[in-house]
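Each chain, written out:
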Amino acid sequence: MDRGLISLKFAMLRNSSGGMRKAGWVIGALLVAATWAVAALAADDGVRHSALTLVFLVWAVGAMVGPVIMSGAGVLRPDYFALLPISRAALGRGLLMSVFVGVAAAYVLAALLAGTWHAVALSPPTAVLAVIGAALTWIFVITLSRLTYGALGAAMRSKLGIEIAGVQFGIMFAAMFAGWIVVAVAVQSIPALLSEGLPAGPITRVLDAAPTSWALLAVEAGASGRAGVATAWLLALAALDVVMVLATVRLLVPRSQRVSPRRGRPRSIGLVAGGGLLPATPTGAVIGKEVRQWRRDPWRALESSTGVWSGAIIGLFALLGGYTAPVAAFSGVIVALMLGLAGCNLYGQDGSAVWQNVVGESSDSVRADVRGRQWAMVVIFLPRAILVSAVFLLLGGAWWAAPYVIALIPAAIGAAAGAAVLVSAVGVSPGVDPRRRVGPNDANGNIALHVWASMIMMAIGLLPTAAMIAWAAVSGSPWVTAATAVVGVLNGFAAAWLFGRIAIGYLRGRMVDVFSRIRYGRIFRDSGTGVLDWLETHTLAGEVQLQKQKQDERDRKLGHSNVGG
C-alpha cells in the first residue's frame, strides 16, 4: 500500500511541470550548504548552539509554510481513493509515508545532520546521539509539515483555519514585496551571529524549548557525561513523534460529515437585507450578498485575510529594518492595494453562479451588480486598512505620515475597488467551480495578466493623490497637506466611479459572454479592437494556451512511456 502511493506520487510529479521543482532543488541545496556553513564557522560551542537552534527552527517553519504556498503536500489527496476499499488508517499512513520520500524531505534531513558537527566538536562519540536526534527531529519536522497542510485543508471550514492560512499567504506576499528588508537585516546580522551568537534571554530560552533543539540538548548532555538526561531528551522527542504521527494519520483522511440543518431563528427579510442598514434597492441587495460572500466563502475570506496579514507583516518588516521604520505607517495602504489583487477575478470566483446574472439581466441590474460589488469591497477592506495603519502609526511613531496615510487609504481603496471589478469583468478566468474546490488555490484560474492589469490601473487611479503628496512634501505648507487628505478622498470616489462606469458599459449585453467563458472557455462572437477587447482576447488566449500546454505535455510524456514500454 505505502509503496503504491509513493510510486503514484512520483508518477504524478513526472507528469507535472518540472521547472519550479528544479529551481527548488537548487535553492534547497544552497540552504543545506548554508546550514552546514553556520555549524562550521561558529566561533565557539556556545555560539554554535544558539545559531543551530535558530537555523533548525527556521527549517521547521519553512517546512510548515512551504507546502501551503507551493501545494507540494497536496500531490496525493484522500479524495482520489474515496471509492477504494482502504481503511482510514492505512490510507493516512500511506499518504504520510509518501511525504517522507522525496527531494525536499532529503534536504531537511541533510540540514538537520549539521548537528553532528556540533557533536564532533564537543565529543566525537556523541555523534551517534546527533544522528539519532537528527532522524527523530526529521520525523517531527516532516510530520509537522504534513499536519499543518492537512489541518489547513480541514480548517478552511472554520474562521480560525482561514486566519492561519491568511498568515501563511501574508508571509508569502510580504516576502515578495518587502522581503529585501529581512534579507538585508539577516545579512548584516550573520557576522554577529557567528561570532557572538544570540544574546541570552527569552529568545534563547524559547529556542531551547522548541523540539527542533532537543537533539542538540541531548548531544550536549551526553558530552558532559549525563547519559540519563541525553536519553530523556531523545525519548521525549520520540514520544512527540509518535503523537504527531498518530494525529497526522487521523487528520489526513477525515470522516465524511453529514450536513445538518441550520439552527436558530429563521432569517427575516430585514436580516437578509442587512438589518436595515442597507438600502432596499438592487444595489443594496448586491452589497448584502457580496458582504456575506466575503465573510462566508472560505476562498474570499482567505483573500481578505491575506490582504490584512500582508500589510501587517510588511509593516513588521519595516519596523525590524531600522531605517525603514517610518514606512510601517503606510502598511494600511498595502492592505487597501491588496484589494485590487484579491478582487481581480470576482466573476471567475462566482463560477457557474454567474448564470443568475444572465437570467436576471435588465437595464439596471448590471449597474447594481458592479456598484454593489464595489461597495462591498469598501465595507470589507476599509476598516481593516484603517486599523492596520493606526496600529503601525502607534508602533512606529511616524506621526508626520498621518496626513498622507489619511489621503492614500481612501484613494487606494477606491482605485482598487474600481480596478478589481473592471479587470474581473473583462478578463474573467474560470478556476475550479465552487462546489468542487478543495485546495487553497482552486478559486482562481490563470490570473497573472489580471494582477498586472490591476496594478497598472491602481497606479493610474492614484496619480492625483500621489501628485498632491509630492507637492505637500516639497512645499511643506500645512494647507497643502490638509488639502492632500481631501484630494485623497475625492480621488477614491472618482477612481471607483470611473473604473466602475467602464465595467458597466462593458458588461451591458456581454453578461452571456462572461458565463460562456466560465462554462465553455470561449466566446461565441467576434472580438472588437478596443483596449478592453485586447485584454479580453489575451486573457482568453492565455487560458487556451495553458490548457494546450498541459495537454501537449501529457501527450508527450504518454508517448515517451509508450515507446519505453
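Residues numbered from 1 in each chain as written. Predicted model: local features only at pLDDT ≥ 70, side-chain atom pairs only at ≥ 80, totals over all residues. Heavy atoms only, no water.

Peer 1: Lay out the packing of aromatic side chains with the relevant residues and their values.
Peer 2: Under the defined criterion, the tally for this structure stands at five aromatic pairs. Their ring planes at 85 degrees and their centres at 5.6 Å tell us that Trp294 and Phe381 sit as a pair that is edge-to-face. Residue Trp294 is located in helix H13 (residues 282-296), and its partner Phe381 is located in helix H18 (residues 365-396); the two are separated by 87 residues in the primary sequence. Summarising the burial analysis for this pair, Trp294 and Phe381 share the class buried. Between Trp375 and Phe493 the ring centres are 6.5 Å apart and the planes differ by 65 degrees, which places this aromatic pair in the edge-to-face class. Remark: Phe493 occurs in helix H22 (residues 478-507) and Trp375 occurs in helix H18; sequence separation between them is 118 residues. Residue classification places Trp375 among the partly exposed positions, given a relative accessible area of 43%. Taken together, the ring pairs in this structure connect Phe330, Trp400 and Tyr404 into an aromatic cluster. Above the plane of the ring of Trp294 lies Arg300, whose end atom (NZ or CZ) is 4.9 Å from the centre. When the ring centre of Tyr347 is taken as reference, the NZ or CZ atom of Arg373 above it lies at 4.2 Å. (Phe/Tyr/Trp six-rings, centres within 6.5 Å; stacked < 30°, edge-to-face > 60°. Helix = DSSP H or I, 4+ residues; strand = E, 2+ residues; numbered from the N terminus. Buried < 20%, exposed > 50% of the residue type's maximum accessible area, 1.4 Å probe, protein only. Lys NZ or Arg CZ within 6 Å of the ring centre and 35° of its normal.)

Peer 1: Residues and numbers for helix H14 (residues 298-320), please.
Peer 2: Side chains of residues three or four places apart in an α-helix project in the same direction, reflecting 3.6 residues per turn. Along its 23 residues, H14 runs 32 Å from first to last C-alpha, staying within 8% of the 33 Å computed at 1.5 Å per residue. Where burial is concerned, most of H14 is hidden: 18 out of the 23 residues are buried. Of the residues trailing H14, Gly322 is marked for its positive phi of about 80 degrees. (Expected span 1.5 Å × (residues − 1).)

Peer 1: Give a description of the side chain of Thr143 that names residues and reports values.
Peer 2: Within the secondary structure, Thr143 is located in helix H7 (residues 127-155). Judged by relative accessible area, which is 0%, Thr143 ranks as buried. Apart from the residues within four sequence positions on either side, Thr143 is in contact with Leu96, Phe100, Met244, Val245 and Thr248. (Contact = heavy atoms within 4.5 Å.)

Peer 1: Can you tell me about the confidence of the model for the protein chain, naming the residues and giving the values?
Peer 2: Any region with low pLDDT has predicted coordinates that should not be read closely. Residues of the protein chain with pLDDT of at least 70 account for 70%, and the chain-wide mean is 77. Low confidence marks residues 256-262, where pLDDT is under 50. Its contacts with residues over four positions away, or in another chain, come to three contacts. (pLDDT = per-residue confidence, 0-100.)

Peer 1: Could you give an account of the packing of helix H6 (residues 115-122) against helix H10 (residues 214-223), naming the residues involved and the relevant values?
Peer 2: At their nearest, the axes of H6 and H10 sit 10 Å apart, and the two run at 10 degrees to each other. Accordingly, the angle class assigned to the pair H6 and H10 is roughly parallel. Judged by the sense of rotation from one axis to the other, the crossing of H6 with H10 is right-handed. Residue-level contacts link Gly115, His118, Ala119 and Leu122 of H6 to Leu216, Val219, Glu220 and Ala223 of H10. Per-class residue counts for the contact of H6 with H10 are five nonpolar, two polar and one charged. (Axes fitted to C-alpha atoms, helices over the stretch in contact; angles between N-to-C directions. Parallel < 35°, antiparallel > 145°, perpendicular 65-115°, else oblique. Left-handed = near helix turned anticlockwise from the far one by under 90°. Nonpolar A, V, L, I, M, F, W, Y, C, P; charged D, E, K, R; others polar.)

Peer 1: Can you lay out the nonpolar core for me, pointing to particular residues and giving the numbers?
Peer 2: Most often, soluble globular proteins have nonpolar side chains that are buried together. If you look at the biggest cluster of nonpolar residues, it comprises 70 residues, and the most contacted ones within it are Tyr347, Val370, Met377, Phe381 and Leu507. Per element, the largest residue contribution to this core is 18 residues, and it comes from helix H19 (residues 402-426). Setting aside chain neighbours within four positions, we find Val370 in contact with Tyr347, Val421, Gly500, Ala503, Ile504 and Leu507. If you look at the next biggest cluster of nonpolar residues, it comprises 29 residues, including Ala51, Ala111, Ala134 and Leu144. (Core = buried A, V, L, I, M, F, W, Y, C linked by side-chain atoms within 4.5 Å.)

Peer 1: Lay out the environment of Leu462 in plain terms, naming residues and giving numbers.
Peer 2: Mapped onto the elements of the fold, Leu462 is located in the loop between helix H20 (448-461) and helix H21 (463-475). Judged by its relative accessible area of 14%, Leu462 falls in the buried class. Distance in space between the C-alpha atoms of Leu462 and Ala415 is 6.7 Å, their sequence separation being 47 residues. Other than its neighbours up to four places away in sequence, Leu462 contacts Leu337, Ala411, Ala412, Ala415 and Asn491.

Peer 1: So, helix H15 (residues 331-342): which residues are in play, and what are the values?
Peer 2: Its 12 residues give H15 an end-to-end C-alpha distance of 16 Å, which sits within 8% of 16 Å, the value for a rise of 1.5 Å per residue. Counting buried positions over the 12 residues of H15 gives 10, a clear majority of the element.

Peer 1: Can you lay out the pattern of salt bridges for me, pointing to particular residues and giving the numbers?
Peer 2: Considering all chains together, one arrives at five salt bridges under this definition. Residues Lys289 and Glu290 are paired through a salt bridge, measuring 2.8 Å at the closest nitrogen-oxygen approach. Among the residues examined, Lys289 registers a relative accessible area of 30% and is labelled partly exposed. Ionic pairing is found between Arg373 and Glu290, a salt bridge with its closest N-O pair at 3.4 Å. Placement of the pair is Arg373 in helix H18 and Glu290 in helix H13, with a sequence separation of 83 residues. Glu290 matches Arg373 in its accessibility class, with the two residues each being buried. Because the salt bridges share partners, they merge into one network encompassing Lys289, Glu290, Arg300, Asp369 and Arg373. (Salt bridge = Lys/Arg side-chain N within 4 Å of Asp/Glu carboxyl O.)

Peer 1: Please give an account of the packing of H15 against H18 that cites residues and values.
Peer 2: Where H15 contacts H18, the two axes come as close as 7 Å, and the packing angle between them is 155 degrees. Of the possible angle classes, the one that applies to H15 and H18 is roughly antiparallel. In this structure, the crossing between H15 and H18 has a hand that is right-handed. Across the interface between the two elements, Ser331, Gly332, Val333, Val335, Ala336, Leu339 and Ala342 of H15 pack against Met377, Phe381, Arg384, Ala385, Val388, Ser389 and Phe392 of H18. In terms of residue class, the contact of H15 with H18 is made up of 10 nonpolar, three polar and one charged.

Peer 1: I'd love a proper account of the side chain of Thr481, names of residues and values included.
Peer 2: Within the fold, Thr481 resides in helix H22. Residue classification places Thr481 among the buried residues on the basis of a relative accessible area of 16%. Apart from residues lying up to four places away in sequence, Thr481 is in contact with Pro403, Tyr404 and Ala472.

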